[in-house]
Amino acid sequence: MLFLRNKALACKARMFTWEVVTGFDREVSDAELLAAFAKDFPNMRQGGTPVFWKMVAFNAAEGRRHRFLVAVLCDLATKLDSGRVLPESVGLYALADRSVRQCDCGGNMRYAAVVGGTLYVLVFMEGRLCHWSEESGYGGESGKLVEERLGRFDTFLEKDFLFSRIDSFAKVTETDASFDFFQAASQDPFWENLSLFEYRGWTPRYSRLVLFLVLAFSVMLWRGVGPWLRKVPETVARVPAVDAPELERPVDELPDHGEWLMKKPKPAVNERACSTEILKIQGTIAGKIAQIREGDGNTLWLGIGDSIENLTVHDIGRDYVEFVCNGRNYVLRNGGNGGNN
């Protein structure tokens with residue numbers, strides 16, 4: 001298998017929501033953002049240049065409000081040429097996004113978690129991330145302190161000009177959160193094109209183009225050299241003929257996120273070897289990762305292209321995982337055994 005992923009590197013950085021107000025039907029230039037930020041945060045330490053990622057904009061009585069997710073490096077020595085870089089706390093987004101998808105709340109949720117003594121609060125409105133805040137000082141026995149702080153935050157939701165438009169938000173407080181799913185979160189549509197620094201690396205579009213050119217060149221080279229090989233005298237050792245590699249799907253049907261799969265011939269396997277009866281879905285994240293429990297209780301995290309025995313993951317949905325085995329599709333659904341197509 002060959003995957004060309006636009007992977008990200010994790011670094012320590014703080015993130016928070018910040019708002020700018022402009023006239024109606026106006027966007028904010030980079031220069032205006034930096035000037036307004038310097039005015040609101042005059043004591044921001046030198047060198048910690050903020051990065052602004054727009055989350056939402058809406059009209060209010062005084063003008064158009066633009067809410068940005070601001071990221072500021074904690075370690076100014078971070079290398080600038082190391083590729084796509086995101087704050088390590090982005091990993092928390094995968095857990096929050098999973099909670100939103102599994103909740104019957106219309107995509108409206110206040111998600112909170114304490115990781116490393118810092119309280120993180122994320123607000124999703126109609127399924128979209130619209131608020132991120134971090135607050136340190138929450139050590140081991142700080143449960144009551146967390147509850148009091150979230151109580152004040154929930155009052156803010158009721159009074160905020162934007163969030164007060166929602167009748168109610170589902171309230172989730174994670175007790176065992178971590179940043180372990182950083183890579184999965186970094187591939188989410190919200191984060192996949194973001195970086196704390198400008199970088200020159202693989203992108204899905206160019207990864208597909210380069211792979212296509214390599215395959216095309218390989219085929220052309222074989223067609224050019226093949227006839228010559230067939231004319232080689234008997235005294236010269238012949239090179240065995242091989243077929244050109246084939247893509248699993250046509251070029252115009254490949255996934256947008258740029259994960260290309262090279263298909264290799266596999267020996268036929270019987271129907272029993274393709275059974276999904278002993279497998280159970282424990283959960284899925286952003287349609288990219290699934291947690292599968294085997295019959296012996298062993299738990300695996302699988303992405304598209306990963307395999308269990310003869311079953312290869314072809315697609316991951318909100319409540320199902322589709323496998324391919326022996327040229328046939330097998331769908332394993334949450335809460336029940338799957339079937340085949």
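Since the structure is predicted, the reported quantities are computational estimates derived from the model, not experimental observations. (Residues numbered from 1 in each chain as written. Predicted model: local features only at pLDDT ≥ 70, side-chain atom pairs only at ≥ 80, totals over all residues. Heavy atoms only, no water.)

Undergrad: What's the story with the environment of proline 189 in this structure? I'm lost.
TA: Residue placement: proline 189 occurs in the loop between helix H4 (182-186) and helix H5 (204-230). For proline 189, a relative accessible area of 61% translates into the label exposed. For the pair proline 189 and alanine 286, spaced 97 residues apart in the sequence, the C-alpha separation amounts to 9.4 Å. (Helix = DSSP H or I, 4+ residues; strand = E, 2+ residues; numbered from the N terminus. Buried < 20%, exposed > 50% of the residue type's maximum accessible area, 1.4 Å probe, protein only.)

Undergrad: I tried to follow the nonpolar core on my own but got confused; where do I start?
TA: When a protein is soluble and globular, its nonpolar side chains tend to lie buried together. Membership of the largest hydrophobic core comes to 43 residues, with the highest contact counts inside it found for Trp53, Leu92, Tyr111, Leu122, Trp191 and Leu196. The element contributing the most residues to this core is helix H2 (residues 91-102), with six residues. Sequence-distant contacts of leucine 122, defined by excluding residues within four places in its chain, comprise Leu92, Tyr93, Ala96, Met109, Arg110, Tyr111, Leu129, His131 and Trp132. Counting 17 residues, the second-largest nonpolar core is a separate cluster that includes Phe58, Val146, Leu157 and Leu162. (Core = buried A, V, L, I, M, F, W, Y, C linked by side-chain atoms within 4.5 Å. Contact = heavy atoms within 4.5 Å.)

Undergrad: How do you make sense of the pattern of salt bridges when you look at a structure like this?
TA: A side chain with one charge can pair with a side chain of the opposite charge if their charged atoms come near. What the rule picks out here adds up to 11 salt bridges. A salt bridge links arginine 67 to aspartate 160, with the nearest nitrogen and oxygen atoms 2.7 Å apart. Taken together, the positions of arginine 67 in strand E4 (residues 63-73) and aspartate 160 in the loop between helix H3 (143-159) and strand E9 (170-174) put the pair 93 residues apart, joining distant regions of the chain. The salt bridge partner of arginine 101 is aspartate 97, with a shortest N-O separation of 2.7 Å. Here the residue arginine 101 and the residue aspartate 97 both occupy positions in helix H2, the gap between them amounting to four residues, near one helical turn. (Salt bridge = Lys/Arg side-chain N within 4 Å of Asp/Glu carboxyl O.)

Undergrad: Sorry, what's going on with the state of the cysteines here?
TA: As enumerated under the stated definition, the model contains one disulfide in all. Unpaired in terms of disulfides, cysteine 74 finds its nearest cysteine sulfur in cysteine 11, a separation of 8.0 Å. (Disulfide = S-S within 2.5 Å.)

Undergrad: Would you mind showing me how to read the packing of aromatic side chains here?
TA: Describing an aromatic ring pair means giving the distance of the ring centres and the angle of the ring planes. In this structure the tally under the stated criterion is 19 aromatic pairs. Measuring from ring centre to ring centre gives 5.7 Å for tyrosine 120 and phenylalanine 179, while their planes differ by 90 degrees; the resulting arrangement is edge-to-face. Here the residue tyrosine 120 occupies a position in strand E7 (residues 118-125), and phenylalanine 179 occupies one in the loop between E9 and H4, the gap between them amounting to 59 residues. Residue classification places tyrosine 120 among the buried residues on the basis of a relative accessible area of 8%. Residue classification places phenylalanine 179 among the buried residues on the basis of a relative accessible area of 18%. Aromatic side chains tryptophan 132 and tryptophan 191 sit 6.2 Å apart centroid to centroid with 80 degrees between the ring planes, which places their arrangement in the edge-to-face category. Pair noted here: tryptophan 132 is in strand E8 (residues 128-136) and tryptophan 191 is in the loop between H4 and H5, with a separation of 59 residues, a long-range link. As far as the burial class goes, tryptophan 132 and tryptophan 191 line up, both buried. Among the aromatic side chains, those forming a connected cluster through ring pairs are Trp53, Tyr93, Tyr120, Phe124, Trp132, Phe179, Phe190 and Trp191. (Phe/Tyr/Trp six-rings, centres within 6.5 Å; stacked < 30°, edge-to-face > 60°.)

Undergrad: Sorry, what's going on with the sheet that holds E9 here?
TA: Strands belonging to one sheet form pairs held by backbone hydrogen bonds; the direction of such a pair is parallel or antiparallel. Strand order in the open sheet formed by four strands is E8-E7-E6-E9, with mixed pairing between adjacent strands. Looking at the sheet topology across the chains shown, the edges are occupied by E8 and E9. In this sheet, adjacent strand axes meet at a mean angle of 15 degrees when their direction is disregarded. Along the sheet, H3 contacts strand E6 (109-115), E7, E8 and E9; its crossing angle with E7, the most-contacted strand, is approximately 30 degrees. (Pairing = 2+ DSSP bridges. Axes fitted to C-alpha atoms, helices over the stretch in contact; angles between N-to-C directions.)

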